[in-house]
4 protein chains.
Amino acid sequence: MALMEGRVEPPVYLGPDELARLYSVEDFESLARERMADAGYRYVAGWAGTGETVRMNREAFGRWVLRPRALVDVSTIDPSTTVLGQPVSLPVLFAPSALHRLAHPDGELATAAASVAADTVMILSTSASATIEEVAAVARDPWFQLYWLTDRELTRDLVQRATAAGFRALCLTVDAPVGGWREGELRYPVPLDATCRAANLPDVVEVETRLTWSSLDWLRSISPLPLVLKGIMTAQDARLAVDHGAAAIVVSNHGGRQLDWAQASLDALPEIVDAVGGQLEILTDGGVRRGTDVLKALALGARAVLIGRPVFWGLATGGAAGLGAMVELIRGELVSAMALTGATTIADVGRQLVSPRF
Amino acid sequence: MALMEGRVEPPVYLGPDELARLYSVEDFESLARERMADAGYRYVAGWAGTGETVRMNREAFGRWVLRPRALVDVSTIDPSTTVLGQPVSLPVLFAPSALHRLAHPDGELATAAASVAADTVMILSTSASATIEEVAAVARDPWFQLYWLTDRELTRDLVQRATAAGFRALCLTVDAPVGGWREGELRYPVPLDATCRAANLPDVVEVETRLTWSSLDWLRSISPLPLVLKGIMTAQDARLAVDHGAAAIVVSNHGGRQLDWAQASLDALPEIVDAVGGQLEILTDGGVRRGTDVLKALALGARAVLIGRPVFWGLATGGAAGLGAMVELIRGELVSAMALTGATTIADVGRQLVSPRF
Amino acid sequence: MALMEGRVEPPVYLGPDELARLYSVEDFESLARERMADAGYRYVAGWAGTGETVRMNREAFGRWVLRPRALVDVSTIDPSTTVLGQPVSLPVLFAPSALHRLAHPDGELATAAASVAADTVMILSTSASATIEEVAAVARDPWFQLYWLTDRELTRDLVQRATAAGFRALCLTVDAPVGGWREGELRYPVPLDATCRAANLPDVVEVETRLTWSSLDWLRSISPLPLVLKGIMTAQDARLAVDHGAAAIVVSNHGGRQLDWAQASLDALPEIVDAVGGQLEILTDGGVRRGTDVLKALALGARAVLIGRPVFWGLATGGAAGLGAMVELIRGELVSAMALTGATTIADVGRQLVSPRF
Amino acid sequence: MALMEGRVEPPVYLGPDELARLYSVEDFESLARERMADAGYRYVAGWAGTGETVRMNREAFGRWVLRPRALVDVSTIDPSTTVLGQPVSLPVLFAPSALHRLAHPDGELATAAASVAADTVMILSTSASATIEEVAAVARDPWFQLYWLTDRELTRDLVQRATAAGFRALCLTVDAPVGGWREGELRYPVPLDATCRAANLPDVVEVETRLTWSSLDWLRSISPLPLVLKGIMTAQDARLAVDHGAAAIVVSNHGGRQLDWAQASLDALPEIVDAVGGQLEILTDGGVRRGTDVLKALALGARAVLIGRPVFWGLATGGAAGLGAMVELIRGELVSAMALTGATTIADVGRQLVSPRF
């Protein structure tokens with residue numbers, strides 16, 4: 001793995017034996033909370049308003065139970081699938097998020113290395129602490145998340161750099177034309193310093209507030225990459241995404257950082273799945289912590305899920321190896337849960353695997 | 001701002017920098033609890049019976065979630081509206097409540113000044129600690145809340161003073177013909193003293209218990225002001241309010257101070273909105289603490305909301321400036337939530353913005 | 001009030017000023033817990049199995065909210081009613097319960113005095129610590145609760161003594177043919193001693209396990225008193241009570257002391273009210289602590305309610321005066337709640353006063 | 001009772017007087033937690049993933065309430081029934097579970113003795129710490145639980161030893177073709193040592209992952225015993241069990257140790273009862289702690305229930321006598337609850353005894 005130059009002395013990260021004694025993503029979080037600088041941990045944990053959407057994202061998974069099946073040959077279980085035609089070894093992608101160097105000095109390069117090891121897709125944030133080109137040199141077929149800025153030339157430049165560097169899709173964030181009422185970040189501001197800052201942006205930028213559905217034409221005119229819209233939460237907007245040629249959507253409320261009291265992502269998923277009728281791929285994020293969460297989201301119609309905050313916890317614990325170990329935990333839970341519900345491939349996963357909790 | 005004469009030495013109130021570090025109405029409450037005399041804070045917090053209606057008022061907002069919308073031009077968001085034809089810069093009014101000098105030596109004059117700064121309507125209580133005329137000199141187009149007393153001449157005098165002083169509406173409280181079983185006030189009685197007493201009433205008054213709908217005729221005969229009925233909680237009474245010519249109603253349970261186990265105001269709102277069919281304006285209060293609460297109440301059919309206890313917390317923290325800062329927090333949350341639900345004006349706010357929480 | 005002879009030195013009971021500073025039945029309970037011998041308090045608090053029915057009895061009231069009404073003339077509110085034709089000043093009776101001397105040396109004689117002062121009905125328990133004749137000398141028109149014992153002659157004797165002494169109804173307990181699994185009493189056995197024992201029974205008695213509906217014929221053959229069946233919890237049994245000529249039933253689960261996981265009394269009430277169609281009077285008990293609880297039970301179809309454990313708390317706090325003060329609290333809450341829901345008499349109380357809590 | 005040779009010095013177990021002061025299975029658990037080696041207690045308490053299925057198993061019982069009935073002759077209450085034609089004195093069997101010597105040096109031989117004393121069926125686990133033949137010498141008509149191993153000859157040998165030793169049914173576990181994500185056991189591994197190990201297995205075995213419904217033919221070809229399938233959780237699999245000639249099923253999620261977020265057993269029961277239509281016998285386990293739990297499960301259609309972890313708590317407290325005392329507690333609760341719901345025999349127990357909790 002490429003290392004960033006000039007980085008500060010790293011803390012001591014966990015080795016393989018120690019990582020093997022972490023049994024859940026919650027274990028990683030607990031350890032990350034101890035190991036990360038408090039300001040960094042709290043910024044990552046940030047929330048809008050009351051924080052209720054953050055909590056609802058988790059609770060929504062608890063409203064579904066799994067239906068075990070018996071006497072199915074489960075000698076091989078294959079959790080691999082594809083997203084936008086790209087093979088991934090499991091339906092778990094790395095969500096775009098700012099400033100991975102908050103968690104580890106290798107930042108997004110460690111994330112990229114972990115995505116290669118796990119054979120899945122990394123989505124690089126516009127606000128990354130590594131450059132587009134640095135990440136492209138490590139990652140395999142990553143996607144690029146775009147904040148559409150008021151500076152149209154800067155926006156064009158970001159898109160064209162990503163396209164040129166081999167990124168495979170553009171993931172436009174559509175749920176943040178204005179900032180949420182981010183009480184988390186008001187109380188615990190992002191701890192920027194010389195070693196951790198946005199590597200692809202000038203110091204001051206503004207997100208464009210005037211975008212509409214027809215604005216997507218310009219984006220398509222400057223890049224051939226398929227377009228993924230991140231932050232769709234209603235059947236109406238999902239239909240509009242189909243009508244405007246999006247290749248995929250991410251059913252997401254920005255991890256509860258934008259609109260406080262936004263519905264939980266998982267709660268919004270079924271109406272969107274029904275409205276889309278298979279006309280584009282549906283990803284989702286928000287509160288995914290367990291292989292059983294992944295299975296529930298897929299059973300309700302998602303093609304794959306994204307993990308956001310857990311990426312930081314994995315990095316903080318053991319860099320690329322830590323994040324990799326965390327993905328293997330999720331894979332282990334997922335494979336076990338697939339076997340015990342009688343689903344030997346992702347194609348077997350459907351609504352019949354879940355029931356509403358009484 | 002006019003100051004009341006002879007007031008005691010004030011505590012030190014927060015300046016702008018300190019106010020800017022309060023991020024929610026809950027922050028204001030925490031600080032007010034520290035700063036107010038305990039007896040005053042607890043009197044304001046008072047409740048009927050078990051206090052369950054106070055809790056239900058808050059919980060009711062938690063039963064609704066917001067539906068984010070994407071790719072709407074949100075470069076300008078306008079939260080202004082009108083109430084009874086009066087323009088207000090946001091749909092948040094100051095509820096009538098007794099004795100603002102419990103929170104700040106300037107009392108209702110500070111409230112009036114804040115209402116001017118925020119460009120919204122203040123509703124002055126019959127039990128105010130400033131006189132009708134003093135408040136009229138500071139406020140812009142305030143409303144007057146009336147307790148209809150057994151002393152008919154005193155009642156007439158209050159109404160005619162308010163009318164003469166330029167108040168723009170009469171807000172008759174109809175949910176307190178008898179006292180609630182106010183356990184809060186039994187345990188923490190109102191701390192009256194020379195600096196804080198009802199300025200418009202003799203020491204002993206009684207509320208009239210014999211009022212019926214036809215009693216409103218007399219009220220209309222002595223004042224041309226439009227009539228707002230505060231404390232309507234059923235579709236039946238809302239229809240009666242229409243039939244008897246009320247200009248507006250306030251769906252309210254008196255902040256949980258009157259009938260214990262009264263339904264939450266927000267829970268009563270939808271049936272009333274449906275019953276009224278737009279034939280009068282519907283305001284509501286009870287538990288509003290966030291811009292997202294305001295948006296939910298409007299989405300369910302209210303024209304505007306009132307805040308009650310928060311007024312005291314704002315005053316206690318920084319007088320008129322404190323209350324003003326608190327209103328700006330609510331405005332900030334509201335504007336952000338409007339943008340993220342795709343509502344650029346109050347006219348865009350409707351039932352489609354909310355879903356029942358699963 | 002008649003005092004029992006030979007009683008031990010009483011603790012000091014509260015005077016009127018102190019009682020006036022108790023604002024709820026919960027206040028009385030807290031004080032009783034401090035003042036009663038621990039063994040006595042805990043025996044009274046006893047429960048079956050997990051104690052869940054005790055908790056559900058209380059929770060059931062929380063599933064209903066009250067609907068306030070406005071602009072009704074509430075200058076007079078009358079909570080009086082009748083039970084089996086007997087006038088009572090409020091729809092709250094004293095439930096039968098064992099051994100009131102656990103709470104106060106005057107025991108059931110204090111209870112009887114309080115029932116006279118409050119102008120309501122006392123139901124004397126077979127297991128009382130005062131004799132039938134002693135209570136008859138103090139109470140006005142009390143009822144007698146019967147445990148039908150295997151000793152048929154003893155049972156006949158109890159019934160005939162009560163009839164002769166002027167009791168006005170027989171209240172047969174039908175929910176205790178065998179003991180419940182009383183974990184409460186297993187852990188905290190009844191603290192009998194020379195000053196507190198069953199005054200109308202020999203030391204060892206057994207309840208008859210073989211009773212059926214036709215057994216009631218014998219009971220009617222030995223006494224002309226109207227028959228009240230206490231412990232009916234289903235529509236089926238309520239219909240059978242009608243068919244077998246009961247004058248009234250008490251919808252009751254024995255305060256959660258008999259069948260653990262029995263449905264809450266209030267939850268069972270509506271189906272029973274519908275099944276009975278007014279053919280007998282329906283009382284209920286279990287968890288009544290507030291005037292608002294009384295109003296909810298009546299709104300759902302009960303004619304009156306019984307209070308059980310609170311009787312002990314009232315006695316423990318101030319003897320007959322304490323119990324009387326507690327009844328006046330409940331009356332105060334009830335009258336306030338009637339006024340604020342627009343019900344000026346008990347005849348006005350109906351299903352329209354309540355809504356299911358959202 | 002036969003004692004195992006070479007056992008370590010036992011702790012002092014409770015005598016009859018002490019056992020009589022335990023009033024619930026929860027009391028047994030509390031005491032077992034103090035008395036068992038921590039590693040053993042925690043292994044027994046083990047769970048999959050978040051542990052939510054363990055919690056849901058308990059909570060499911062709380063969603064049903066019991067309906068009391070009055071004036072039924074309850075002078076005799078008979079809780080006896082049959083399972084696969086075998087008479088049992090109450091509808092509570094001992095579930096198969098590994099390594100009873102974790103709780104008591106006599107291990108499964110104590111369990112067997114308790115099953116004889118209680119006149120019920122013990123199901124011996126493949127992973128028992130006593131041999132098939134040792135248990136057969138003590139138990140009366142036990143059943144044998146089978147883990148079908150990849151070593152086909154070993155599997156055949158286990159089945160044929162059990163058949164030869166007089167076991168009366170084969171209980172094939174079908175919910176564990178792969179291990180669950182057993183976080184409990186990852187954190188608290190099974191504490192094997194010389195005195196506590198699987199007595200019927202070599203040190204390393206693997207469960208067969210390739211079984212399907214047609215695999216059952218081979219099992220039937222090597223033993224005439226009736227087949228019980230343990231771990232059926234859906235109507236579909238229950239129908240398949242009927243179609244493939246199972247004599248009974250156990251609606252079970254392996255006590256929450258296999259598939260995390262599997263539905264509670266009791267929640268799965270009604271759809272299975274409806275689907276099976278009486279064509280095989282339905283047992284269930286998971287969270288049964290009370291006689292009222294037993295009654296609810298039977299009311300919802302189970303023929304009998306199994307208790308798992310409680311067996312360890314009984315053994316740990318007093319060996320065979322402790323387990324026996326615990327069964328008598330459950331019997332006492334069951335008999336009391338049958339009487340108070342008017343069910344004098346198990347044949348009287350039906351859906352009419354329960355209502356959904358409001």
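Residues numbered from 1 in each chain as written. Chains lettered and ligands numbered in written order. Predicted model: local features only at pLDDT ≥ 70, side-chain atom pairs only at ≥ 80, totals over all residues. Heavy atoms only, no water.

Student: Is there a simple way to think about the overall build of chain A in this case?
Tutor: Of the regular secondary structure elements, chain A holds 13 helices and twelve strands. Radius of gyration (C-alpha) of chain A: 19 Å, near the 21 Å computed for a compact globule of 358 residues. For chain A, the spread of C-alpha atoms along the principal axes amounts to about 60 × 50 × 40 Å. Split into buried and exposed, the 358 residues of chain A put 65% on the buried side. Pairs at least 24 residues apart make up 76% of the contacts formed inside chain A by residues separated by at least 6 positions. Within the structure as shown, chain A displays about 12,000 Å² of accessible surface, and the carbon and sulfur contribution to it stands at 53%. If the 32 positive side-chain charges of chain A are averaged to one point and the 42 negative ones to another, these points end up 3 Å apart. (Helix = DSSP H or I, 4+ residues; strand = E, 2+ residues; numbered from the N terminus. Rg over C-alpha atoms; globule rule 2.2 N^0.38 Å. Buried < 20%, exposed > 50% of the residue type's maximum accessible area, 1.4 Å probe, protein only. Contact = heavy atoms within 4.5 Å. Areas by Shrake-Rupley, 256 points an atom, 1.4 Å probe, with all protein chains shown as cover. Lys, Arg positive; Asp, Glu negative; His and termini not counted. Charge placed at Lys NZ, Arg CZ, Asp CG, Glu CD.)

Student: Mind showing me how you'd approach the side chain of Ser 252 of chain C here?
Tutor: Residue and element names in this part refer to chain C. Along the chain, the position of Ser 252 falls in the loop between β9 (248–251) and α11 (265–276). Here the side chain of Ser 252 touches His 254 through a polar contact of 3.0 Å, landing on its backbone nitrogen. What Ser 252 contacts, discounting residues up to four positions off in sequence, is Asp 175, Lys 230, Gly 231, Ile 232, Met 233, Ser 265 and Asp 285. (Polar contact = N/O pair within 3.5 Å; in protein donor to acceptor, adjacent residues only side chain to side chain.)

Student: Whenever I open this one, the sheet that holds strand β4 (residues 92–94) of chain A confuses me. Can you help?
Tutor: Whether parallel or antiparallel, the strands of a sheet pair through hydrogen bonds between backbone atoms. All names here are of chain A. Strand order in the open sheet formed by eight strands is β4-β11-β10-β9-β8-β7-β6-β5, with parallel pairing between adjacent strands. At either end of the open sheet lies a strand with only one pairing partner, and these are β4 and β5 (123–124). Both β4 and strand β11 (residues 304–307) contribute to a ladder of three bridges, which runs parallel. Counterpart to Phe 94 in the pairing with β11 is Ile 307. Each of β4 and β11 touches helix α13 (residues 309–340); the most contacted strand, β11, lies at about 155 degrees to it. (Pairing = 2+ DSSP bridges. Axes fitted to C-alpha atoms, helices over the stretch in contact; angles between N-to-C directions.)

Student: Sorry if this is basic, but what is going on with the sheet that holds strand β9 (residues 248–251) of chain D here?
Tutor: All names here are of chain D. Strand order in the open sheet formed by eight strands is β4-β11-β10-β9-β8-β7-β6-β5, and the pairing between neighbours is parallel. The outermost strands of the open sheet, each flanked by one partner alone, are β4 (92–94) and β5 (123–124). Pairing geometry for β5 and strand β6 (residues 143–146), over two bridges, is parallel. When the bridges of β6 are listed, Leu 124 appears paired with Phe 144. Packed on one face of the sheet, helix α7 (residues 152–165) meets β6 and β7 (170–173) and runs near 170 degrees to β6.

Student: What is the right way to read the relation of the copies chain D and chain A from this model?
Tutor: A rotation about some axis, followed by a shift along it, carries one copy of the chain onto the other. With an RMSD of 0.0 Å, chain D superimposes on chain A once it is rotated by 90 degrees and translated 0.0 Å along the axis. Those values place the two copies in the arrangement expected of a four-fold rotation axis. When each C-alpha of chain D is compared by its distance to the rotation axis, Phe 358 of chain D comes out closest, at 8.8 Å. (Least-squares fit on C-alpha atoms with pLDDT ≥ 70 in both.)

Student: Can you help me understand the pattern of salt bridges in this one?
Tutor: Two side chains carrying opposite charge are able to pair once their charged atoms lie near each other. Under the counting rule described, the total for this entry stands at 100 salt bridges over all chains. The salt bridge partner of Arg 351 of chain A is Asp 274 of chain A, with a shortest N-O separation of 3.8 Å. Of this pair, Arg 351 of chain A sits in the loop between α13 and β12 (354–356) while Asp 274 of chain A sits in helix α11 (residues 265–276); the two residues are 77 residues apart in sequence, bridging distant segments of the chain. By relative accessible area, Arg 351 of chain A is classed as partly exposed at 41%. For Asp 274 of chain A, a relative accessible area of 58% puts it in the exposed group. Shared partners join several salt bridges into a network, and the residues in it are Glu 26, Asp 27, Arg 290 and Glu 333 of chain A together with Glu 183 and Arg 187 of chain D. (Salt bridge = Lys/Arg side-chain N within 4 Å of Asp/Glu carboxyl O.)

Student: Help me understand the packing of aromatic side chains in this model?
Tutor: Two aromatic rings are characterised by how far apart their centres lie and by the angle between their planes. Evaluation of the coordinates by the stated rule reveals twelve aromatic pairs over all chains. Centre to centre, the rings of Trp 148 of chain B and Trp 218 of chain B are 5.2 Å apart; their planes meet at 50 degrees, and the pair counts as tilted. Of this pair, Trp 148 of chain B sits in the loop between β6 (143–146) and α7 (152–165) while Trp 218 of chain B sits in helix α9 (residues 216–222), and the two are 70 residues apart along the sequence. Judged by its relative accessible area of 2%, Trp 148 of chain B falls in the buried class. Between Lys 296 of chain A and the ring centre of Trp 261 of chain D, over which it is positioned, the NZ or CZ distance is 3.5 Å. Note that Arg 152 of chain C overlies the ring of Trp 218 of chain C, its terminal NZ or CZ placed 4.5 Å from the centroid. (Phe/Tyr/Trp six-rings, centres within 6.5 Å; stacked < 30°, edge-to-face > 60°. Lys NZ or Arg CZ within 6 Å of the ring centre and 35° of its normal.)

Student: Which parts of the structure should I look at to understand the interface of chain D and chain A?
Tutor: Interfaces are often described in size by the accessible area the parts lose on coming together. With 37 residues of chain D at the interface, the matching set in chain A holds 30 residues. Counting each side, the surface lost to burial between chain D and chain A is near 3,000 Å², with a carbon and sulfur contribution of 61%. Considering only the surface of chain D that becomes buried against chain A, Trp 181, Leu 259 and Trp 261 of chain D emerge as the three largest contributors, covering 25% of it. Residues Glu 59 of chain D and Arg 357 of chain A are paired through a salt bridge, measuring 3.2 Å at the closest nitrogen-oxygen approach. Here chain D and chain A share 13 residue pairs in polar contact (both at pLDDT 80 or more) between them. Only α4 (52–61), α8 (183–187), α10 (235–243) and α11 (265–276) of chain D provide two or more residues apiece to the side of chain D that touches chain A. At four residues, the largest contribution of residues to the side of chain D that touches chain A is made by α10 of chain D. The residue inventory of the side of chain D that touches chain A, partitioned by class, reads 16 nonpolar, ten polar and eleven charged. (Buried area = accessible area lost by both parts, 1.4 Å probe. Nonpolar A, V, L, I, M, F, W, Y, C, P; charged D, E, K, R; others polar.)

Student: It is not clear to me how the nonpolar core should be interpreted in this structure. Could you clarify?
Tutor: Counting 481 residues, the largest nonpolar core has Leu 229 of chain A, Leu 229 of chain B, Leu 229 of chain C together with Leu 229 of chain D as the members making the most contacts within it. If we skip the residues at most four places from it in the chain, Leu 229 of chain B touches Leu 172, Val 174, Trp 213, Leu 216, Ala 241, Ala 246, Ala 248, Ile 249 and Val 250 of chain B. (Core = buried A, V, L, I, M, F, W, Y, C linked by side-chain atoms within 4.5 Å.)

Student: How should I be thinking about the confidence of the model for chain A in this particular structure?
Tutor: Detailed reading of predicted coordinates is not advised where the pLDDT is low. All names here are of chain A. On average, residues of chain A score 95 in pLDDT, and 97% of them reach the 70 mark or higher. Per-residue pLDDT stays below 50 along residues 1–10; that stretch engages in 19 contacts with residues further than four places along the chain or on separate chains. Overall fold confidence (pTM) sits at 0.95, and the ipTM for the predicted complex is 0.95. (pLDDT = per-residue confidence, 0-100.)

Student: I would appreciate a short explanation of the pairing of β11 of chain A in the present structure.
Tutor: Each regular strand displays side chains that alternate between the two surfaces of the sheet. Residues and elements named next belong to chain A. Of the two faces of β11, the one lined by Ala 304 and Leu 306 and the one lined by Val 305 and Ile 307 are each fully buried. Where strand β10 (residues 281–285) lies against β11, three bridges are found, and the strand directions are parallel. What sits directly across from Asp 285, in β11, is Leu 306. In terms of handedness, the path from β10 via helix α12 (residues 291–299) over to β11 forms a crossover that is right-handed. (Right-handed = clockwise from strand over helix to strand, strands pointing away.)

Student: I'm lost on the interface of chain C and chain B in this one. Help?
Tutor: Tallying the contact residues gives 30 residues for chain C and 37 residues for chain B. Interface of chain C and chain B: buried area, both sides summed, is about 3,000 Å²; carbon and sulfur atoms make up 61% of it. For the interface between chain C and chain B, the tally reads six salt bridges. The salt bridge involving Glu 52 of chain B is made with Arg 357 of chain C; its shortest N-O contact spans 3.0 Å. The set of elements that each furnish at least two residues to the side of chain C that touches chain B consists of β1 (64–66), α12 (291–299) and α13 (309–340) of chain C. With seven residues, α13 of chain C is the largest single contributor of residues to the side of chain C that touches chain B. For the side of chain C that touches chain B, the per-class residue count stands at 14 nonpolar, eight polar and eight charged.

Student: I would appreciate a short explanation of α10 of chain D in the present structure.
Tutor: For an α-helix, 3.6 residues make a turn, and residues three or four places apart therefore share a direction. All names here are of chain D. When α10 is considered as a whole, its buried residues turn out to be Ala 235, Asp 237, Ala 238, Ala 241 and Val 242. Projection of α10 onto a plane perpendicular to its axis shows the buried side chains occupying an angular sector of 165 degrees, all on one side. Summarising the contacts, the buried residues of α10 are in contact with β8 (227–232), β9 and α11. Downstream of α10 by one or two residues, Gly 245 has phi in the positive range, about 80 degrees. (Arc of directions from axis to C-beta.)

Student: What am I meant to see in the pairing of strand β9 (residues 248–251) of chain A here?
Tutor: Residues and elements named next belong to chain A. Residues Ala 248 and Val 250 of β9 are buried on one face, and the alternating residues Ile 249 and Val 251, pointing to the opposite face, are buried as well. Taken together, the four bridges between strand β8 (residues 227–232) and β9 define a ladder with parallel strand orientation. Bridging across to β9, Ile 232 finds its partner in Val 251. As for the winding sense of the linkage, the β-α-β connection from β8 through helix α10 (residues 235–243) to β9 is right-handed. Relative to β10, β9 is paired through four bridges, and the arrangement is parallel. Along β10, the bridge assignment pairs Val 251 with Thr 284.

Student: Looking at this model, I keep getting lost on the packing of α10 of chain A against α11 of chain A. Mind explaining?
Tutor: When two helices pack together, their arrangement is captured by the angle between the axes and the distance separating the axes. Residue and element names in this part refer to chain A. Viewed as axis vectors pointing N to C, α10 and α11 meet at an angle of 35 degrees, and their least axial separation amounts to 8 Å. Classified by chirality, the crossing of α11 by α10 is right-handed. In contact with Ala 235, Gln 236, Ala 238, Arg 239 and Val 242 of α10, α11 contributes Glu 271, Ile 272, Ala 275 and Val 276. Each residue belonging to the contact of α10 with α11 can be placed in one class, and the counts come to six nonpolar, one polar and two charged. (Left-handed = near helix turned anticlockwise from the far one by under 90°.)

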